[in-house]
Structures are given as C-alpha cells and as structure tokens.
Amino acid sequence: MNIGHGSVGLAIGADELETDLAGDGPILVFDLRLADEYSRGHVKGSVHAVCDTQAKETIMPKIPKGVKIILIDTDGSHSAQTAQMMSAYGLDAHYLRGGMTGWNGPVIEGGPQAVVEPEALLEAMGSGKDMVVVDVRQPDEFEEFSIPGSINIPLPDLFKKENIVRIQGKGRVFTVCTHGNRSMVGAFALARSGIDALSLAGGLVGWGQVLQSHVVTREGPVIIQVEKTGKGCLSYIVGSEGQAVVIDPVYPVEKYLEFASREGLEIKKVLDTHHHADHVSAARDLASVSGARLHMSRYEGYDFESEVLVDGATILVGRSEITALHTPGHTAGSLSFVLDGRFVFTGDVLFVDDVGRPDLRSSAGKFAAELYASLHQKILAMPDETVVLPAHHGSRAKPAGGVFLTTIGDARMLDMLGMDQEKFVQTVVSSTVPKPMNYEKIIRINKSREEVPVCEVPDLEVGPNRCSTSAA
Ligand SMILES: [Fe+2]
C-alpha cells in the first residue's frame, strides 16, 4: 500500500515504542486491529480503538494537545494513514513501523476495554465493593454538578504519574465526563498505567436519565417512588385493584409501563403536580403511549388539552381516592395530591429536608407569601402521621430503604417552617440559588410552546434540579 510521503516522518521503531512505554511522558497507544486480534495479544499499555467517523468526531478532539499518540496495526499501513490524518489535525501522532509484525517485545492477552452502562455503574455503587469514580471534566464543570462521591482529575492530569497514585488500589475505576468521550480517553490514559478503567457510556447526560423504582408501600394502595437518579426528580405510580395513576412522570416513559406492569397495574391516569421548570415533563407522552387520561392543574395555564384539576377535585384509582389541593407558591398553579388522607404528594412545595423555592420567575415576594400560606394553612394542617412524598430530593436528603419521604410531624421541625411569615418571605426572597440549566426552554416545552425531539431531552436536563430554597 502506498502510504505517501506525509507519513514517513511519523514512523517509530519498536525500540522507540519500548522507550516511550517505559518513560513518564504523556502517551496514548492505540491498537487499530480487529478486537479479536487485539485480545489474542497486544502491547501492554495499548488500548483497542476503532478509528471510524464517530471516533474521529468524538474521541479525537478530546485528546489533550501534547500527548504523544502511537498507532499500531497489523503491518503499519492503515496506521500510517491514520497517523497522517491525526497529524494534519494537529495531534502529535505516530505509528509503529511494520505494525505488530515488527514488534518483538512482550505481548499480553485480554479483551478490549469496555464501557459501563449507567445502570451497571449504579449497581456497582450500591454493591459496597471498593471502587472509585474519576470525573475527568474541568474543575468548574465538576463544581457545577457531579456524581456523589466521585473525585475530580481533569483529563490532561490523568497523564501525570502523581495523579495515578490517587486511584491506585482503590478498586474498580470508572471514568466519567459529560458525554462519555473525554472519559473514554481517560480510560485509555489509565490503561497505560495498568489500570483497567471503565468509561461511563453516554456520560453524565446518560446518567441523568436513569430511573430507579422503590416501593413506598404495598399496604392498601401500592405506591412506587420512581427516582431519576442523576437529577433527584421523584415521581410516583399509585396503584389499586390493577389500576394506576402516575404523578409527575419524567423521561424515559417506557420505564413507567415496565414498573407498573411488574406490579400488575395498568396506567389509567397521568397527573403533574405543577408546571415543571427543571426537567421535561413526560406526562403528555406517557398518557399518549399508555392510553391513559391526562389531568393537569387548572391554574397553570398550559397550552394543551387535558382534563383540568381544580382545588378539591377527586380522582379514583381502584379503591383509593386522590384529592387535589391547590397549594400555590412554588408555581401559581401547584397542586398537592392527598391519597386516602394518609399520603400527600407535595410536588415542589415541601421536600424531605427543605421547602420549595417560589416560582423561578418574577414576583418572588408575592409567591413566597403564597408558599407560606400553602404550607401552614394546607400542608401542615394535615395530621402528623401523614406521609409526605415530594417531587425532588436534594443531595443532602438520605433515603430510607431507597425511598425519600418524610411525615408532616417531622416536616414541622424544619427551620423554614418554624419562621413567622415575614422572616420566611425574607429568607426565601434573599435565597440566591442559581436557576436550573435551560429552564426557560424547559418551561416553554412543558407549556407546549416549543416542541423538542425526545432524544434531546437528556442534554436539556443535564445538571441538578435546584428546586429547593437551599438547593442542596
Ligand atoms: Fe418545580
């Protein structure tokens, strides 16, 4: 094969590769052969890489400048062309002259590096086994939001030996970033140090879309709490006599069908507590795919058709009854839903360890006063033993058996609920919690003023929920 003049200076011999591998310099060694050839024997510290269009568009731009790249294939032909292309892109790319046929050094066996799906990472986190999640984004991105317990080593620093000791011997290593590209390069970098890291597929954007279900109760009505892990959004499936109502569903909607059918329930009605600003409501889509009826607050001014709920309206689900309670303050039309007088779904009005923040838009003072009235006159008017099930949790809230809940009795002890109205309003108005990312667009989508393909929802929703006053 004619490899052209441009690649000639990019060739390195086996001796130079050995020297590079033994040195401390930042290098990445990519093996471009077929996966099974790689598995049968490859240079230690090399990673299997597929050089397709996707890799060119996603992985290549994430390789830090100053990192020496060495490509290996069977005979040095394809790798020469690829090195030339990467070099033209501005990378310090080289290839092993003669490929693996020109390599007489030791080889090791083993399959290509794998990615980890978000669900599997979640399982690993809950397994109690030693592990470390390395977030390879920049510190400002990490500060914005991160997977709880993860450590931050920005990608360029993963090539420095002094950072490797921070993760050596800590068990399984997982690398994460926003979309899963930098973390893949990070896993490649770690392979050189003998660390077999798994990169989180789809990154934090994919992580943000994982839904987990936990049973709140099966005595009387069945209540399943569905947590959107990466965002802290909580939604609910309430079932009785084979029928189910879903409250505040999020994407992906298919999970509600799965969770409901696992309990032998058919989704008959879908409700939202309020006009959400931090995530895209899946209420309309879930109603449409399940054939359920959609019920939304009369007081929010949605631009789409639904059966409207007013204060005091009731919805039957099997032998249980849900009563809507108008509890404005977070938004003007926020509803809380009381189930059989024993449970209250408070939306973003009251959380486990905090109260909601007033509407994310203007008139904070007026909304704060309404929130105070809703909390004291309606929510806290319920008996102490009433179980409170909110629509979000902050990072400080600790679940009991996987479930985030509190009771009215415990909620009375919250600092915010011990304040008089003046102090409450003053505290809420002076709270300077930043707004959720993309909230204006999300508000328009949820009001039905803007359409968005479902595949764009994960990117829109990346980041924390920031719904409570302190937004822990
Ligand atoms: Fe909200």
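Relevant structure appears above.
Structure report, in brief. For clarity, every value in this text was computed on a predicted model and none was experimentally measured. (Residues numbered from 1 in each chain as written. Predicted model: local features only at pLDDT ≥ 70, side-chain atom pairs only at ≥ 80, totals over all residues. Heavy atoms only, no water.)

The next point concerns the sheet that holds strand E4 (residues 46–48). Spatially, the 5 strands line up as an open sheet ordered E1-E6-E5-E2-E4, and their pairing is parallel. One side of each edge strand has no neighbouring strand; the edge strands of this open sheet are strand E1 (11–12) and E4. Bridge analysis of strand E2 (residues 27–31) against E4 gives 3 bridges, and the strand direction is parallel. Within E4, the residue paired with Val-29 across the bridge is Ser-46. This element, helix H1 (residues 14–22), spans E1, E2, strand E5 (68–72) and strand E6 (92–96) of the sheet and lies at about 130° to E5. Packed onto the sheet, helix H8 (residues 182–192) meets E2 and E4 and runs at close to 100° relative to E2. (Pairing = 2+ DSSP bridges. Helix = DSSP H or I, 4+ residues; strand = E, 2+ residues; numbered from the N terminus. Contact = heavy atoms within 4.5 Å. Axes fitted to C-alpha atoms, helices over the stretch in contact; angles between N-to-C directions.)

Turning our eyes to something else, we now look at the side chain of Thr-386. Turning to its location among the elements, Thr-386 is positioned in the loop between helix H12 (364–379) and strand E24 (387–390). Under the relative-accessibility criterion, Thr-386 is labelled buried at 1%. Of the polar contacts made by the side chain of Thr-386, one reaches the backbone oxygen of Pro-383; its length is 2.6 Å. The residues touching Thr-386, leaving out its near neighbours within four places in the chain, are Gly-341, Arg-342, Phe-343, Val-344, Thr-406, Thr-407 and Ile-408. (Buried < 20%, exposed > 50% of the residue type's maximum accessible area, 1.4 Å probe, protein only. Polar contact = N/O pair within 3.5 Å; in protein donor to acceptor, adjacent residues only side chain to side chain.)

With that settled, consider the coordination of the iron ion. By definition of the ideal shapes, four donors in a tetrahedron about a metal sit 109.5 degrees apart, and six donors in an octahedron sit 90 or 180 degrees apart. The coordination sphere of the iron ion contains the protein donors His-274 (NE2), His-330 (NE2) and Asp-348 (OD), at a distance range of 2.0 to 2.3 Å. Each donor residue of the iron ion belongs to the same chain, with the gaps between them written as H-x55-H-x17-D. A residue pair is termed long-range when its members are at least 10 positions apart, and His-330 in the loop between strand E21 (320–326) and strand E22 (335–339) and Asp-348 in the loop between strand E23 (343–347) and H12 qualify at 18 residues. The pair His-330 / Asp-348 is uniform in exposure class, with both members buried. (Donors = N, O, S within 2.8 Å, 3.2 Å for Na, K, Ca; no water.)

Further remarks concern the packing of aromatic side chains. Per the stated rule, a full pass over the model turns up 4 aromatic pairs. Measuring from centroid to centroid gives 5.2 Å for Phe-30 and Phe-188, while their planes differ by 75°, and the two rings are edge-to-face. Placement of Phe-30 in strand E2 and of Phe-188 in helix H8 is noted, with a sequence separation of 158 residues between them. Across from the ring centre of Phe-367, 5.1 Å away, lies the NZ or CZ of Lys-366, which sits over that ring. (Phe/Tyr/Trp six-rings, centres within 6.5 Å; stacked < 30°, edge-to-face > 60°. Lys NZ or Arg CZ within 6 Å of the ring centre and 35° of its normal.)

What follows concerns the pattern of salt bridges. In the structure shown here, the tally under the stated rule is 20 salt bridges. In this structure, Glu-258 engages Arg-262 in a salt bridge whose closest nitrogen and oxygen atoms are separated by 3.1 Å. With Glu-258 and Arg-262 both in helix H10 (residues 254–262) and 4 residues apart, the pair spans about one turn of that helix. Since its relative accessible area comes to 35%, Glu-258 is described here as partly exposed. Among the ionic pairs, Arg-449 bridges to Asp-303, the shortest N-O distance being 2.4 Å. Taken as a pair, Arg-449 in the loop between helix H15 (439–447) and helix H16 (457–461) and Asp-303 in the loop between strand E18 (293–297) and strand E19 (307–309) lie far apart in primary sequence, 146 residues in all. Classification of Arg-449 as exposed rests on a relative accessible area of 55%. (Salt bridge = Lys/Arg side-chain N within 4 Å of Asp/Glu carboxyl O.)

For helix H5 (residues 118–126), the set of buried residues is Pro-118, Leu-121, Leu-122 and Ala-124. The buried residues of H5 all sit within an arc of 160° when viewed along its axis, so they share a single face. Projecting away from the buried face of H5 at angles above 90 degrees are the exposed residues Glu-123 and Gly-126. Residues of H5 that are buried in the fold lie against strand E8 (115–116), strand E9 (131–135), strand E11 (172–176), strand E12 (198–200), helix H9 (203–207) and strand E13 (211–217). Phi for Gly-128, located one or two positions after H5, is positive at around 80°. (Arc of directions from axis to C-beta.)

It is worth spelling out empty space enclosed by the protein at this point. Enumeration over the complete set of coordinates arrives at 2 cavities of 30 Å³ or more. In this model, the largest cavity occupies a volume close to 90 Å³. Along its surface, the largest cavity is lined by Asp-24, Gly-25, Pro-26, Ile-27, Leu-158, Phe-159, Lys-160, Lys-161, Ile-164, Ala-189, Arg-192 and Ser-193. Elements that contribute at least two residues to the lining of the largest cavity include exactly helix H7 (161–164) and H8. Taken together, the residues that form the lining of the largest cavity break down as 6 nonpolar, 2 polar and 4 charged. Residues lining the lining of the largest cavity come from more than one domain, with at least three contributed by each of domain 1 (7–108) and domain 2 (115–206). What lines the second largest cavity is simply Ser-281, Ala-283, Arg-284, Met-296, Phe-304 and Asn-446. Class assignment of the residues belonging to the lining of the second largest cavity gives a composition of 3 nonpolar, 2 polar and 1 charged. (1 Å grid on protein atoms, 1.4 Å probe; cavity = no way out; pocket = protein on both sides within 12 Å on 5 of 7 lines; lining within 4 Å. Points joined across faces, edges and corners; volume = space filled by probe spheres on them. Nonpolar A, V, L, I, M, F, W, Y, C, P; charged D, E, K, R; others polar. Domains from an automatic or database assignment.)

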